[in-house]
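Coordinate analysis (summary)
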Amino acid sequence: MNSLRNSVRLVGNLGMDPEVKVFDSNKKMVRLSIATNESYKNDKGEKITDTQWHNLVFWGPQAKLAEDLLKKGDEVAVEGKLANRNYTDKDGIKRYVSEIVVNEFLKVGVKG
């Protein structure tokens, strides 16, 4: 059960092309956003779609694969852990960020 302690699994569509950063140590990081949709009917019987956006971060070999294989609009399944961090922006305002650090991903709907 330890593997369930901080585990996130999502399936959705990418909202952007990979944003790649390479650090001094030659370590690569890729950022992406993913949209997940949930549909339901309201009291009037109308179909409502609720879209949630999630920030994804890929490191090392997963970052290289994400850079090479993924693009805006792709449907992907990701598995990772939830990470929270904060930083101070250029105006001195403290900002908080939640993101999923991806361990594995799979392009969905790809015919091989």
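Residues numbered from 1 in each chain as written. Predicted model: local features only at pLDDT ≥ 70, side-chain atom pairs only at ≥ 80, totals over all residues. Heavy atoms only, no water.

Going by the annotation in an unreviewed UniProt entry, the name recorded for the chain is Single-stranded DNA-binding protein, with Mucilaginibacter angelicae given as the source organism. Under Subunit (unreviewed entry), UniProt gives the following word-for-word description of the chain: "Homotetramer." (UniProt positions renumbered as here; feature names shortened; annotations may be inferred.)

Formed by 16 residues in total, the largest nonpolar core has its most connected members in Leu56, Phe58 and Leu70. Every residue in contact with Phe58, bar those within four places of it in the chain, is listed here: Lys28, Met29, Val30, Leu32, Ala63, Ala66, Leu70, Val102 and Phe105. (Core = buried A, V, L, I, M, F, W, Y, C linked by side-chain atoms within 4.5 Å. Buried < 20%, exposed > 50% of the residue type's maximum accessible area, 1.4 Å probe, protein only. Contact = heavy atoms within 4.5 Å.)

Its location among the elements puts Lys28 in strand β3 (residues 28-41). Overall, Lys28 belongs to the buried group, its relative accessible area being 19%. Among the polar contacts listed, one links the side chain of Lys28 to the side chain of Glu67, at a separation of 2.6 Å. For Lys28, the contacting residues outside a window of four places in its chain are Val20, Lys21, Val22, Phe58, Trp59, Gly60, Ala63, Lys64 and Glu67. (Helix = DSSP H or I, 4+ residues; strand = E, 2+ residues; numbered from the N terminus. Polar contact = N/O pair within 3.5 Å; in protein donor to acceptor, adjacent residues only side chain to side chain.)

Another point: the pattern of salt bridges. Inspection of every chain in the model, using the stated rule, returns seven salt bridges. Of the charged contacts, one joins Glu67 and Lys28 as a salt bridge, the two residues approaching to 2.6 Å between their closest N and O atoms. Of this pair, Glu67 sits in helix α1 (residues 60-69) while Lys28 sits in strand β3, and the two are 39 residues apart along the sequence. Note that Lys107 is salt-bridged to Asp74, the shortest N-O span being 3.5 Å. (Salt bridge = Lys/Arg side-chain N within 4 Å of Asp/Glu carboxyl O.)

Right, let's talk about the pairing of strand β5 (residues 75-88) for a bit. In terms of strand pairing, strand β1 (residues 8-14) meets β5 through six bridges, oriented antiparallel. Bridge pairing links Val8 to Gly80 in β5. Pairing analysis gives 13 bridges linking β5 to strand β6 (residues 94-107), with the strands arranged antiparallel. Counted as the bridge partner of Lys81 is Val101 from β6. Connecting β5 to the next strand, β6, in antiparallel fashion are five residues, including Gly92 with a positive phi near 80°. (Pairing = 2+ DSSP bridges.)

Here we take up the side chain of Glu79. Inspection of the secondary structure assignment puts Glu79 in strand β5. Apart from residues lying up to four places away in sequence, Glu79 is in contact with Ser7, Val8, Arg9, Val101, Val102, Asn103 and Glu104.

Where strand β2 (residues 19-22) lies against β3, four bridges are found, and the strand directions are antiparallel. Each residue of the ladder has a partner; that of Lys21, found in β3, is Met29. Counted between consecutive antiparallel strands, the loop separating β2 from β3 contains five residues, among which Asn26 sits at a positive phi close to 70°.

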